[in-house]
Amino acid sequence: MDRYDHKAIEAKWRARWAASGIYTADIAGAAQPFYNLMMFPYPSAEGLHIGNVFAFTGVDIHGRYQAMQGNDVFEPFGYDAFGIHSENFALKQNIHPMTLIPDNIARFREQMQRLGTRIDWSREVSTTDPKFYRWTQWVFLQLFKRGLAEKRGAPVNWCPSCKTVLADEQVIAGKCERCETPITHRELEQWFLKITNYTERLLANLDWIDWPDAIKTVQRNWIGRSEGLEMTFPIEGADKSLTFFTTRPDTIFGVTYMALAPEHPLVREVTTDAQRDAVARYVEEASHKTAVDRQAMERSGVFTGAYATNPLNGERVPIWVADYVLITYGTGAIMAVPAHDERDFDFARKYGLPIKLVVAPDGRAGGELSEAYTGEGTLVSSGEFDGMTSAAASDAIVEKLEREGSGGRKVTYRLRDWLISRQRYWGTPIPIVLCETCGPQAVPEDQLPVELPYVEEFRPTGTDQSPLATYEPFVKTTCPKCGEPARRETDVCDTFLDSSWYFLRYPSTDIDDRPFDDARVKKWLPVDTYIGGKEHSVLHLLYSRFVTMALHDMGYVDFEEPYEKFRAHGVLVLEGAKISKSRGNIVNPDDYYESHGADTLRTYLMFSGRYEEGGDFSDKNIEGAARFIQRVWDLVQRHRERPAGDLPVDAERSMHRTIKKVGEDIPELKYNTAIAALMEWTNHLQKRPSLDEQEVRTLLQLVAPFAPYITEELWEQTGGSGSVHASRWPAYDPELAKLEQVPVAVQINGKVRDVIELDAGTGEPAAVAAARASEKVTRHLDGKPIARTIYVQDRLINFVTGR
RNA sequence: GCCGGGGUGGCGAAAUGGGCAAACGCAGCGGACUUAAAAUCCGCCGUCCCGCAAGGGGCUUGUGGGUUCGAUUCCCACCCCCGGCACCA
């Protein structure tokens, strides 16, 4: 049999599908809308790589299956083309992003089309299109008008290489997520979105949304809820007090010093004249250290000369400045308990501060400590709380402080507000006018979009300003409130603002006077299934939940959670390394489109392992998928040449079993085992002299989601009506899908000695009788009496003899 | 360090409300077809031992324990790999 001509067939159906609009969703009229969403890509490199193809194929199979279930599937695609990733690529190529990005997009589109997806190409979105970012700006303004966006001075993460500030979520282990340069800190006026207003809801909704537990855990950890005590110690000789947070109230009698973060406002106020120079020097040095330095270097600090009083025992404790205390967590100050905290222990050792044991490990008296004891135990040297357990003492201490009004229970979070200003060129301009008299003013909505101008010199400046700041035609404007000359905000938005709402736009891309149409949002959202990479567990997935909640509270949408069902696909690696342009290990799908065709590539990628796990890419096994696709072709060609045969009951049963298995596996994204079942069935079909019409129909339908081109061609060749992709998924008969005869293992003392064929559903007496009739069983029993018999129907029999 | 996920043949992997480990595929070996090759088809294919053979027996899911008639699956301890967080008080 000849090899099928994948190039001709794929080109033919691509054209036909485009012409017929088979994948165009009926946005207004769909009876059973199903929003099948994939994370839109950054079109930053020269094209799709094999990892993108892997991800999108899995989403598409899901969409095709849902369509064959009778749903009106909407599967849109777009480009997240603003941002540092795209701009850096433009810088490297030395081509202006306004020229380069449209080329990249065209290339991505072509490669996606060759993949044979059921994407609705009539509703593309690109975040760099003014028709799109006009509404990103609108989203920003709604947040601004409700006080959820504000410009304020704060210590921020600065990447010296990218020359911009970054959100916390974009700092990985103290380094820039894009270029791995150690982050420094700057004190700058920046725009923040108040995601922390939503902390509790972001946390609470995780309890019911249908997401993988692993992703929920990552979000919970990122939000970092922590319960404890907040209290204050009065500062000696000053009208001030020092507020701190602790999760260990039981150790409070062990406080031997206090420590402030170098950036803490009280540092200046409490430092004595004698210590002023030393403290100033230390604070100055600390400001130059990167987060990476801070951790790598030995713990350090300096005494301020001031003292605070522990109100519980009246002890006087020195106040230090130490850079292991973070200004960004809790109150930026700590009570230090060297005996029961590793960091405080090291610090006390270094500076000769007292180490006072107050929690004794249970059943042992505390002696000299060689390291901090961080566990729980029984309180000692703690006044009235002596003898209590850590847990009881914590409660008692907090209650006492609450009674006295000097402290109380408090919940603290790790999550901080989302910093969205970027001192770069390639992004959505922040739609704000800065007026010297009126302050930051929203650009009136009828003046949107604030267009990003073409600026020849788009390189980052390295100052605290975006390159737009020097482009006067953009900067000069008038205040919308007072009409006086004013300047535009020149920072641009973090790309994650673009992607925080894009899914709301897809159904309304043809509407220009509002971001999204209410009726369409009601019809299509929340998204039915969202599938994307784990790398966005915090970042995109958290930000878009926040923005959706905010829009919900403003009354724009009637749901809080944008993606009630989310599934994460695995990541493809190459020889153990992440696939990326910078590593130079890009695998281009075009080579496989040419050599084997998209159907084979899709099938191969989905067959070689679990979709939700990913794995190491290697094309070693692609021949297996190619043979399977070719076998489907050959089977159907043979069927066309020979008269249709009958359908013996065994063949019918194996068909029903396959329909059941494939139909159960696809919704769970177990594509590898679905394909295995199809391979098994085709191996059976091949042994039959001729196929029944129903078998051919069913085969093409079951293979269709995986290999859309060849099945469509064969469907037409065999006179199928309409498109195979618009046909209804075949039903199976549960009775026929069952096995008639089952192999049952016969064990003696847990060791398999024989396997006998029994009718499915055979009861214990008959099964045991059959098993005892086996020569092998008799031989192994060797006359020993059976003490016990265990029977698991249709599975096994275990004869247990006495010892 | 803490939090996730994982470790199964030569390779990619199946199978966990405990029940025949290795489905499906790759590679390999043997055979059919062919002048020959490719393609295709048929058979073998975890490992060790006994046997000329038919066949029989032992071992085997990272390591060591435990529970159980029975453990890849459950429990305890540990090792390694991948991902996330990271001086979070």
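Conventions adopted
Residues numbered from 1 in each chain as written. Chains lettered and ligands numbered in written order. Predicted model: local features only at pLDDT ≥ 70, side-chain atom pairs only at ≥ 80, totals over all residues. Heavy atoms only, no water. Helix = DSSP H or I, 4+ residues; strand = E, 2+ residues; numbered from the N terminus. Buried < 20%, exposed > 50% of the residue type's maximum accessible area, 1.4 Å probe, protein only. Contact = heavy atoms within 4.5 Å. Areas by Shrake-Rupley, 256 points an atom, 1.4 Å probe, with all protein chains shown as cover. Lys, Arg positive; Asp, Glu negative; His and termini not counted. Charge placed at Lys NZ, Arg CZ, Asp CG, Glu CD. Phe/Tyr/Trp six-rings, centres within 6.5 Å; stacked < 30°, edge-to-face > 60°. Salt bridge = Lys/Arg side-chain N within 4 Å of Asp/Glu carboxyl O. Pairing = 2+ DSSP bridges. Axes fitted to C-alpha atoms, helices over the stretch in contact; angles between N-to-C directions. Nonpolar A, V, L, I, M, F, W, Y, C, P; charged D, E, K, R; others polar. Arc of directions from axis to C-beta. pLDDT = per-residue confidence, 0-100. Parallel < 35°, antiparallel > 145°, perpendicular 65-115°, else oblique. Left-handed = near helix turned anticlockwise from the far one by under 90°. Near = heavy atom within 4 Å. Polar contact = N/O pair within 3.5 Å; in protein donor to acceptor, adjacent residues only side chain to side chain.

*Asks:* Describe the overall build of chain A, listing the residues and the values that go with them.
*Replies:* Scanning chain A for helices and strands turns up 27 helices and 34 strands. The dimensions of chain A, computed from C-alpha atoms along their principal axes, are 105 × 85 × 45 Å. For chain A, buried positions account for 55% of its 803 residues. Contacts spanning at least 24 positions in sequence make up 73% of the contacts within chain A whose residues lie at least 6 apart. Accessible surface computed for chain A: about 34400 Å², of which carbon and sulfur atoms make up 48%. Here chain A holds 93 positive side-chain charges and 116 negative ones, and the gap between their average locations is 3 Å.

*Asks:* Could you give me a rundown of the environment of Ala 391, with the residues and numbers involved?
*Replies:* With respect to the helices and strands, the residue Ala 391 is situated in helix α12 (residues 390-404). Residue Ala 391 is classed as partly exposed on the basis of its relative accessible area of 44%. Taking the C-alpha atoms as reference points, Ala 391 and Thr 378, separated by 13 residues in sequence, lie 9.3 Å from one another.

*Asks:* Describe the packing of aromatic side chains, listing the residues and the values that go with them.
*Replies:* Tallied over the entire structure, the rule returns 46 aromatic pairs. Geometrically, the ring pair formed by Tyr 35 and Phe 74 is tilted, given 5.4 Å between the ring centres and 35 degrees between the ring planes. In this pair, Tyr 35 sits in strand β1 (residues 33-38) while Phe 74 sits in strand β2 (residues 72-74), placing the two residues 39 residues apart along the sequence. Comparing Tyr 35 with Phe 74 shows no difference in burial state: the two are buried. Judged by centre distance (5.5 Å) and plane angle (65 degrees), the ring pair of Phe 74 and Trp 524 falls under edge-to-face. You can see Phe 74 sitting in strand β2 and its partner Trp 524 sitting in helix α16 (residues 518-524), a full 450 residues away along the chain.

*Asks:* Break down the pattern of salt bridges for me, with residues and values.
*Replies:* On inspection of all chains with the given rule, the structure shows 57 salt bridges. Taking the shortest distance from any N to any O, the salt bridge between Arg 316 and Glu 236 comes out at 2.7 Å. With Arg 316 in strand β14 (residues 316-322) and Glu 236 in the loop between β10 (226-234) and β11 (241-246), this residue pair connects regions lying 80 residues apart in the sequence. Between Asp 558 and Lys 522 there is a salt bridge whose closest N-O contact spans 3.8 Å. Taken together, the residues Asp 558 in the loop between α17 (540-553) and β27 (566-569) and Lys 522 in helix α16 connect sequence positions 36 residues apart. Under the relative-accessibility criterion, Lys 522 is labelled exposed at 59%. Taken together, the salt bridges that share partners define one network made up of Lys 12, Arg 16, Glu 713 and Glu 716.

*Asks:* Tell me about the pairing of β1, and name the residues and values.
*Replies:* Counting buried positions along β1 gives five out of six residues, so the element sits mostly inside the fold. In this sheet, β2 lies alongside β1 in parallel orientation, the contact comprising three bridges. Across the sheet, residue Phe 34 finds its bridge partner in β2, namely Val 73. Pairing analysis gives three bridges linking β1 to strand β26 (residues 529-533), with the strands arranged parallel. If you follow Asn 36 over to β26, its bridge partner there is Thr 529.

*Asks:* Help me get a handle on the packing of helix α19 (residues 598-607) against helix α22 (residues 671-687), residues and values and all.
*Replies:* Axis separation between α19 and α22 bottoms out at 7 Å; the angle between their running directions is 115 degrees. Across from Thr 603, Met 606 and Phe 607 in α19, the residues of α22 making contact are Tyr 671, Asn 672, Ile 675, Ala 676 and Met 679. Residue composition of the contact of α19 with α22, by class: six nonpolar, two polar and no charged.

*Asks:* Pulling in residues and values, what's your account of the sheet that holds strand β28 (residues 571-574)?
*Replies:* Spatial ordering of the open sheet is given by β29-β28-β30, a layout of three strands whose pairing is mixed. Where the open sheet ends on each side, the last strands, each with one partner, are β29 (577-578) and β30 (614-616). As paired strands, β28 and β29 are joined by two bridges and run antiparallel to one another. Bridge pairing in β29 links Val 573 to Lys 578.

*Asks:* Pulling in residues and values, what's your account of helix α3 (residues 84-93)?
*Replies:* Most of α3 sits inside the fold, with seven of its ten residues counted as buried. Restricting attention to buried positions, one finds in α3 the residues Ile 84, His 85, Ser 86, Glu 87, Phe 89, Ala 90 and Leu 91. On its buried face, α3 is in contact with α4 (97-114), β6 (164-166) and α14 (495-498). One or two steps after α3, the chain reaches Asn 94, where phi turns positive at roughly 60 degrees.

*Asks:* Tell me about helix α7 (residues 213-223), and please be specific about residues and values.
*Replies:* Within the sequence span of α7, burial applies to Ile 215, Lys 216, Gln 219, Trp 222 and Ile 223. For α7, the angular spread of buried residues about the axis comes to 125 degrees, placing them on one side. Exposed side chains of α7 directed beyond 90 degrees from the buried face belong to Asp 213, Ala 214 and Asn 221. In this structure, the buried side of α7 is in contact with α6 (199-204), α17 and β27.

*Asks:* Residue-level account of the sheet that holds strand β33 (residues 786-792), with values.
*Replies:* The four strands are arranged β32-β31-β34-β33 in an open sheet whose pairing can be described as mixed. The open sheet terminates on both sides in strands that have one partner only, identified here as β32 (751-759) and β33. Taking the axes of each pair of neighbouring strands and ignoring which way they run, one obtains an average angle of 20 degrees across the sheet. For β33 and strand β34 (residues 796-801), the ladder comprises six bridges, and the chain directions are antiparallel. Among the inter-strand pairings, Ile 790 is bridged to a residue of β34, identified as Asn 798. The strands that helix α26 (residues 764-772) touches are β31 (741-748), β32, β33 and β34; relative to β34, the one it contacts most, it runs at about 70 degrees.

*Asks:* Can you lay out the confidence of the model for chain A for me, pointing to particular residues and giving the numbers?
*Replies:* In the predicted model, chain A carries a mean pLDDT of 91, and the fraction of residues at 70 or more is 98%. Among the scores for the predicted complex, ipTM is 0.95 and pTM is 0.93.

*Asks:* Can you tell me about the packing of helix α21 (residues 649-665) against α22, naming the residues and giving the values?
*Replies:* Closest axis-to-axis distance for the α21/α22 pair is 8 Å, and the angle between their directions is 165 degrees. Classified by the interaxial angle, the pair formed by α21 and α22 is roughly antiparallel. As for how α21 packs across α22, the hand of that crossing is left-handed. Contact residues: α21 offers Ser 654, Met 655, Thr 658, Lys 661, Val 662 and Asp 665, while α22 offers Thr 673, Ala 674, Ala 677, Leu 678 and Trp 681.

*Asks:* I'd like a rundown of the protein's contact with RNA strand B, residues and numbers included.
*Replies:* Residues in contact with RNA strand B amount to 55 residues; listed here are only the nearest, Arg 294, Gln 295, Arg 299, Arg 343 and Arg 627. The share of sugar and phosphate among atoms of RNA strand B within 4 Å of the protein is 66%. Between RNA strand B and Thr 246, the relevant distance is 3.0 Å, taken from a sugar or linking oxygen to a side-chain nitrogen or oxygen of the residue. Contact between RNA strand B and Thr 247: a sugar or linking oxygen at 2.5 Å from a main-chain N or O atom of the residue. No other element matches α22, which puts eight residues into the surface near RNA strand B.

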